[in-house]
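Inside the fold
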Amino acid sequence: MSTYQATVSAPVNIACIKYWGKRDTKLILPTNSSLSVTLDQDHLRSTTSARCDPGFEKDALWLNGKEDEIKPGGRLATCITEMKKLRKEYEDQNPNEPKISGYSVRIASENNFPTAAGLASSASGFAALVYALATLYKLPSSPSQLSLIARQGSGSACRSLFGGFVAWEMGTSVTGTDSFAVQVAPAEHWSDMHALICVVSDAKKGTSSTSGMQRTVETSELLQWRIKEVVPKRMKEMQKAILDKDFDTFATITMRDSNQFHAVALDTDPPIFYMNDTSRAIVAMVTELNRVSVENGGGLKAAYTYDAGPNAVIYAREKDMKEIVNMVCHYFPLLASTQPYEDRFKLFSAGEKVGE
Ligand code: DP6
């Protein structure tokens, strides 16, 4: 009897239109669609190995070298069960394939960046988990099909199954079959778009996304306005901006959406604060940079965005990145990790590193 094994890695994605709120907490169905950019940088990935063997007694998982519990009915268990189901269907359709869907699996996953520090570790983590099992099981599933399962691990994970610019369509069904990720454009479409991550703090965040967004759904009136009136319009405008490579519109929507996400966090009872003084100072720096550029007849140069933590992600075109990095280094010399320019964060190209 042989052991079957696969190792893959998956990248982080950073949303420009934020997912914040679930209409179904078990299936992880969102209250609004979202849109992100997948980052390709060797420093921001989850690498996951999956093995199955008839001798394994139970499913087991190691996260960054430490064994993690797989709670029955929890998110990890759901993803593993769904992937085994897909393998079983595949075996039924291909009788010559080895019958491994009944074996227990052992999974080892490593993040090469701080876990749970607002750097979307659950996104790359669950995307890598689902992709590792799909590779182990040799499944012919498309990235959108796999995104349906990654979504049930962590909502934002469904977007990390694609490179480039990715939309998570919220869907309308109660079963979630129409709530999956699609690629808006590959990274090569807008290859001079770059992202710089400013690690303001790598401490674990105070309020997790999962509990924070649930509290927002229960208490924020502003969220209802955002869901109905704001996001549907922004999704359309943003997709057009990406297809047209219109940086001004891309940057305007990205910054406004980050601001609105933090506004609904503040509108939550009790309020949630994810940004700190340094985050706000970076907002001021980007705002000033853009103001001067526009005053001199140019367009916007940079767009900031913040997830559920104080770290800033700055999107900019390659031609402006050097100036921005110099500015960040000048005004914020004490950032926990300032990446050298050559090491700046680039976009992930579709499928590049997955399946190694
Ligand atoms: C602010 O995907 O971590 O990063 O589905 O509960 O696991 P769960 O939440 P998660 O939330 C991400 C929130 C966000 C915005 C985004 O990535 O769209």
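Each remark here, short or long, concerns the structure printed above.
Anyway, here's the lowdown on the structure attached to this text. The model shown is predicted, which means the values in this text are computed figures rather than measured ones.

Residues Val105, Ile107, Ser109 and Asn111 line the buried face of strand 9 (residues 104–111), whereas the alternating positions Ser104, Arg106, Ala108 and Glu110 sit on a face that is not buried. Sheet topology places strand 6 (residues 45–53) next to strand 9; eight bridges connect them, and they run antiparallel. Considered in strand 9, the bridge of Thr47 is made with Glu110. In this structure, strand 7 (residues 60–63) lies alongside strand 9, joined through four bridges in parallel fashion. Within the sheet, the bridge partner assigned to Ala60 lies in strand 9 and is Arg106.

Right, let's get into the sheet that holds strand 8 (residues 66–68). Pairing in this open sheet of five strands is mixed, and the strands run 1-6-9-7-8 from one edge to the other. Either end of the sheet is taken by a strand with one partner, and the two such strands are strand 1 (4–11) and strand 8. Each adjacent strand pair in this sheet contributes to an overall mean axis angle of 20 degrees, direction not counted.

We now examine the nonpolar core. Nonpolar side chains tend toward joint burial in soluble globular proteins. Counting residues in each nonpolar core, the largest one holds 96 residues, and the members touching the most others are Ala127, Val130, Tyr131, Ala302 and Ile314. For this core, the element with the highest residue contribution is helix 2 (residues 121–136), accounting for eleven residues. Those residues in contact with Ala302 that sit more than four places away from it in its chain are Ala251, Val286, Leu289, Asn290, Ile314, Tyr315, Ala316, Asp320 and Ile324.

Time to look at the pairing of strand 5 (residues 34–40). The side chains of a regular strand alternate between both faces of the sheet. For strand 5, a buried count of seven out of seven residues is recorded, marking the element as mostly surrounded by other parts of the structure. Along strand 5, one buried face is formed by Ser34, Ser36, Thr38 and Asp40 and the opposite face, lined by Leu35, Val37 and Leu39, is buried too. Note that strand 2 (residues 13–17) and strand 5 share four bridges and pair antiparallel. Bridged to Ile14 within strand 5 is Val37. Looking at chain direction, strand 5 and strand 10 (residues 165–168) are connected through four bridges and run antiparallel. Bridge assignment links Ser36 to a residue of strand 10, and that residue is Val166.

The rules behind each value
Residues numbered from 1 in each chain as written. Predicted model: local features only at pLDDT ≥ 70, side-chain atom pairs only at ≥ 80, totals over all residues. Buried ≥ 20, exposed ≤ 12 C-beta atoms within 10 Å, placed from the backbone. Helix = DSSP H or I, 4+ residues; strand = E, 2+ residues; numbered from the N terminus. Pairing = 2+ DSSP bridges. Axes fitted to C-alpha atoms, helices over the stretch in contact; angles between N-to-C directions. Core = buried A, V, L, I, M, F, W, Y, C linked by C-beta atoms within 7 Å. Contact = placed C-beta atoms within 7 Å.

Geometric descriptors of this kind do not, in isolation, establish any biological role.
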